[in-house]
Amino acid sequence: PLQHKIHFTRRWVGAQQFGVNLTALFSAVFIWETIPKGGASEIDIVMAVGAPKDGRLDDVETESERPWEAAGKVSVKVLIETCCLRHDEKATACQLTAEQEPNVKTSTGFGSAGTSVADVRLMCALVEGLGVNASGGIRTLELAIPIREARATRIGTSSGVTIIEALSKRVL
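Bear in mind the structure is a predicted one, so any value in this text is a computation, not a measurement. (Residues numbered from 1 in each chain as written. Predicted model: local features only at pLDDT ≥ 70, side-chain atom pairs only at ≥ 80, totals over all residues. Heavy atoms only, no water.)

K.L.:
It is not clear to me how the overall build of the chain should be interpreted in this structure. Could you clarify?
P.N.:
In terms of regular secondary structure, the chain is built from 7 helices and 6 strands. Shown N-terminal to C-terminal, the secondary structure of the chain runs as helices and strands in the order β-α-β-α-α-β-α-β-α-β-α-β-α. Burial statistics for the chain: of 172 residues in total, 43% are counted as buried. Counting contacts in the chain only where the partners sit at least 6 residues apart, residues at least 24 apart contribute 66% of the total. (Helix = DSSP H or I, 4+ residues; strand = E, 2+ residues; numbered from the N terminus. Buried < 20%, exposed > 50% of the residue type's maximum accessible area, 1.4 Å probe, protein only. Contact = heavy atoms within 4.5 Å.)

This is the structure in structure tokens:
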């Protein structure tokens, strides 16, 4: 029997550009300060993969701290483009992100691959006790179930209706 809990939420999420180092920092801070004023309950930003790949950990740390300072009490999630990183780089990215927020988030789905079950398992092991939000490329029930079984605490998808319809056919 399928025993997955389904929670529907209506949240306005403000999305940040892909990687702060692609935009002037003052512009990024302005965005982080403005999005909550527009009613957003969450801000998603994408960690620039160049810094952890090049070992510039100070850049990753600065990039991870700035949104929280600017956004105030709004939840900020940093997406880690897992398909672009090696195992050790994913570990570094998870640790730095987890220091700021009780959740880490996987892929955007715009890279060479979306979220994988293996990456969710890895991230859960790296940030034990914290939430792992899985997003990017989760379009079917056949992927959503193993992602959830890998202990993802939340699944972000634009295919929610398709997944729920497939689930209802299984249950009925």
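K.L.:
What is the right way to read the confidence of the model for the chain from this model?
P.N.:
If pLDDT is low for a region, its predicted coordinates should not be looked at in detail. For the chain, per-residue confidence averages 76 on the pLDDT scale, and 70% of positions sit at 70 or higher. Put simply, strand β1 (residues 13-18) is where the chain has its lowest mean pLDDT, 51, and helix α6 (residues 141-149) is where it has its highest, 95. Throughout residues 1-6 the model reports pLDDT below 50, and contacts reaching past four residues in sequence, or to other chains, amount to 8 contacts. (pLDDT = per-residue confidence, 0-100.)

K.L.:
Whenever I open this one, the side chain of Asp 119 confuses me. Can you help?
P.N.:
In this structure, Asp 119 sits in helix α5 (residues 117-126). Assessed through its relative accessible area of 9%, Asp 119 is described here as buried. Residues in contact with Asp 119, not counting those within four places in the same chain, are Thr 82 and Lys 90.

K.L.:
Got a minute to help me understand the pattern of salt bridges in this structure?
P.N.:
Oppositely charged side chains are able to pair whenever their charged atoms sit close together. Under the criterion given, the structure shown has 4 salt bridges. Across the salt bridge formed by Asp 119 and Lys 90, the nearest N and O atoms sit 2.6 Å from each other. One end of the pair, Asp 119, is in helix α5; the other, Lys 90, is in helix α4 (residues 87-98), with 29 residues separating them in the sequence. Accessibility classification places Asp 119 together with Lys 90 in one group, the buried group. Connected through salt bridges with shared partners, the residues Arg 86, Asp 88 and Glu 89 form a single ionic network. (Salt bridge = Lys/Arg side-chain N within 4 Å of Asp/Glu carboxyl O.)

K.L.:
Which parts of the structure should I look at to understand the nonpolar core?
P.N.:
Within soluble globular proteins, side chains that are nonpolar tend to cluster in buried spots. Of all hydrophobic cores here, the largest spans 31 residues; its most connected members are Ile 43, Ile 80, Val 120, Val 132 and Ile 147. Every element with two or more residues in this core is listed here: α1 (25-37), β2 (42-46), β3 (75-79), α4, α5, β5 (131-135), α6 and α7 (160-171). (Core = buried A, V, L, I, M, F, W, Y, C linked by side-chain atoms within 4.5 Å.)

K.L.:
Where do I start with the pairing of β2 in this structure?
P.N.:
Regular strands show a simple pattern: their side chains alternate between the two faces of the sheet. Of all 5 residues that make up β2, 5 are buried, and the element is covered over most of its length. Note: β2 against β3, 5 bridges, orientation parallel. Within β3, the residue paired with Ile 43 across the bridge is Val 76. (Pairing = 2+ DSSP bridges.)

K.L.:
Would you mind going over unusual backbone geometry with me for this structure?
P.N.:
Where the residue is not glycine, phi is negative for most of them; where a peptide bond is considered, it is trans in most cases. Phi is positive for Arg 151, close to 90°, though the residue is something other than glycine. Mapped onto the elements, Arg 151 comes out in the loop between α6 and β6 (154-156).

K.L.:
Sorry if this is basic, but what is going on with the side chain of Ser 159 here?
P.N.:
Note that Ser 159 resides in the loop between β6 and α7. Given a relative accessible area of 13%, Ser 159 falls into the buried group. Ignoring anything within four residues of it in the chain, the contact list for Ser 159 reads Ile 138 and Arg 139.

K.L.:
Explain the pairing of β5 here, please?
P.N.:
Counting buried residues along β5, 5 of its 5 residues qualify, which places the element largely inside the surrounding structure. Because side chains alternate across β5, one face comprises the buried residues Gly 131, Asn 133 and Ser 135, and the other comprises Val 132 and Ala 134, equally buried. Relative to β5, strand β4 (residues 103-105) is paired through 3 bridges, and the arrangement is parallel. When the sheet's bridge partners are listed, Asn 103 is paired in β5 with Gly 131. Handedness of the β-α-β unit built from β4, α5 and β5 comes out right-handed. (Right-handed = clockwise from strand over helix to strand, strands pointing away.)

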